[in-house]
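Residues per chain are reported as follows:
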Amino acid sequence: MARTDLTFTSHGTDCAAWLYRPDGEGPHPIVVMAHGFSATRELRLDAYAERFATAGIGVLLFDYRHFGASGGEPRQLLDIGKQLDDWRAAIAEARNIDWADPARVALFGSSYSGGHVVSLAAEDKRIAAIVAQCPFSDGLATLRAVGPKHAASLTVHALRDQVNAALGKPPHYLPAVSDPGSPGAMTTPDAKPGMMALVPQDTVWENRVAARIGLRVPLYRPGTKAKRVQCPALWCITDEDTLCPADNSAKWAEQAPRGEVKRYPIGHFDIYVGNNFERAVSDQTEFLRRHLLPE
């Protein structure tokens, strides 16, 4: 396995990626990966990528525009439409890699990007398989889970940021994760310690996000597209999830024609580390090998 730096362009802006090439001549299948809400590639997604590449599956792991090592101003702008466009550009890049098989391109998303991969597979019938880990499936379900007090606070900050955008002013930022009762996008008891446990010593991740995303969260319901996902699809659902309710995600997963579900008795952030990571990445590797490397 070898990892190299790669840059591709999405709507005129450079996106930074790590490209993992498995041993052997190929052509190899390849998984396109990106992280969830405000997170960057080095927040434990590299650990998944290394496992997949060791198993014979290439990986293109990228940062969205406005985040991490990628370009784009203003910084920390989470725009759902732009992120989906970045995915489309990354998929196109993966299909053009000389050692990769364009007929065996899969997607891996976690948390917010777990919803993105469902949306993308519903529209792109060439996708060979997807893995949606602790996926954001339904903004309305998440809104109910976080409660009306937090939702109201987030809306106030979001409106302030939206006004700034309309006036051409810099964004109004919120912490991406914060303590319960404090201003922030994610303030459940496990959010801040869970996210901080993923951050390496050397990181470009910033704990802030333009608050306007708070107006879009309730309207984003990628789980409703699951019934249109024709490829093999693995949902890895965390049963004690305080951000992406497990039963809601399972409801959508059951509608996918070729969907499979793995459930874990843990919280949203627990799946990235320790024995929980080992169990999940083993399940995911087995799924990807079964569908991308048939004997």
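Residues numbered from 1 in each chain as written. Predicted model: local features only at pLDDT ≥ 70, side-chain atom pairs only at ≥ 80, totals over all residues. Heavy atoms only, no water.

Details of the overall build of the protein
Working step 1: Counting secondary structure elements, the protein contains eight helices and 10 strands.
Working step 2: Computed over the C-alpha atoms, the radius of gyration of the protein is 18 Å, within 12% of the 19 Å expected from 2.2 N^0.38 for a compact globule of 295 residues.
Working step 3: Along the first, second and third principal axes, the C-alpha set of the protein runs to 55 × 40 × 35 Å.
Working step 4: A buried classification covers 59% of the 295 residues belonging to the protein.
Working step 5: Counted over contacts in the protein with a minimum sequence separation of 6, partners at least 24 positions apart contribute 73%.
Working step 6: Of note, the protein has its 32 positive side-chain charges centred 7 Å away from the centre of its 34 negative side-chain charges. (Helix = DSSP H or I, 4+ residues; strand = E, 2+ residues; numbered from the N terminus. Rg over C-alpha atoms; globule rule 2.2 N^0.38 Å. Buried < 20%, exposed > 50% of the residue type's maximum accessible area, 1.4 Å probe, protein only. Contact = heavy atoms within 4.5 Å. Lys, Arg positive; Asp, Glu negative; His and termini not counted. Charge placed at Lys NZ, Arg CZ, Asp CG, Glu CD.)

Considering the pairing of strand S2 (residues 13–21)
Working step 1: Burial of S2 is extensive: seven of the nine residues sit out of reach of the surface.
Working step 2: Between the antiparallel neighbours strand S1 (residues 2–10) and S2 lie two residues, among them His 11 with a positive phi of about 50°.
Working step 3: When S2 meets strand S4 (residues 58–62), the two strands line up antiparallel, connected through four bridges. Bridging across to S4, Tyr 20 finds its partner in Val 59. (Pairing = 2+ DSSP bridges.)

Considerations on the packing of aromatic side chains
Working step 1: Counted by the stated rule, this structure contains 11 aromatic pairs.
Working step 2: Both rings, one in Tyr 112 and one in Phe 136, keep their centres 4.6 Å apart while their planes meet at 55°; by these two values the pair is tilted. On the criterion of sequence distance, the pair formed by Tyr 112 in helix H3 (residues 112–123) and Phe 136 in the loop between strand S6 (129–133) and helix H4 (139–146) is long-range, its members being 24 residues apart.
Working step 3: Relative to Tyr 220, the ring of Phe 136 lies with its centre 6.0 Å away and its plane at 15°, an arrangement referred to as stacked. (Phe/Tyr/Trp six-rings, centres within 6.5 Å; stacked < 30°, edge-to-face > 60°.)

Focus on the sheet that holds S2
Working step 1: The sheet built from eight strands is open, its strands ordered S1-S2-S4-S3-S5-S6-S9-S10 with mixed pairing. This sheet does not close on itself; its edge strands, each paired only once, are S1 and strand S10 (259–264). Here the strands of the sheet are splayed against their neighbours by 20° on average, with no regard to which way each runs.
Working step 2: Inspection of the sheet shows strand S9 (residues 233–238) paired to S10 by six bridges, in the parallel sense. (Axes fitted to C-alpha atoms, helices over the stretch in contact; angles between N-to-C directions.)

Description of the pattern of salt bridges
Working step 1: Scanning the entire structure with this criterion turns up 15 salt bridges.
Working step 2: Residue Glu 278 pairs with Arg 51 through a salt bridge whose shortest N-O separation is 2.8 Å. On the criterion of sequence distance, the pair formed by Glu 278 in helix H8 (residues 274–292) and Arg 51 in helix H1 (residues 45–54) is long-range, its members being 227 residues apart.
Working step 3: What makes Glu 278 partly exposed here is its relative accessible area of 34%.
Working step 4: Looking at Arg 51, the relative accessible area reads 32%, which means it is partly exposed.
Working step 5: For Arg 208, the salt bridge identified is with Glu 206, shortest N-O distance 2.7 Å.
Working step 6: Taken together, the shared-partner salt bridges in this structure form one network comprising Asp 85, Arg 88 and Glu 123. (Salt bridge = Lys/Arg side-chain N within 4 Å of Asp/Glu carboxyl O.)

A closer look at the environment of Pro 200
Working step 1: Looking at the secondary structure, you find Pro 200 in the loop between helix H6 (191–196) and strand S8 (209–210).
Working step 2: Residue classification places Pro 200 among the partly exposed positions, given a relative accessible area of 29%.
Working step 3: Between the alpha carbons of Pro 200 and Glu 73 there is a distance of 24 Å; along the sequence they are 127 residues apart.
Working step 4: Leaving out residues up to four positions away in the same chain, Pro 200 has contacts with Glu 42 and Leu 43.

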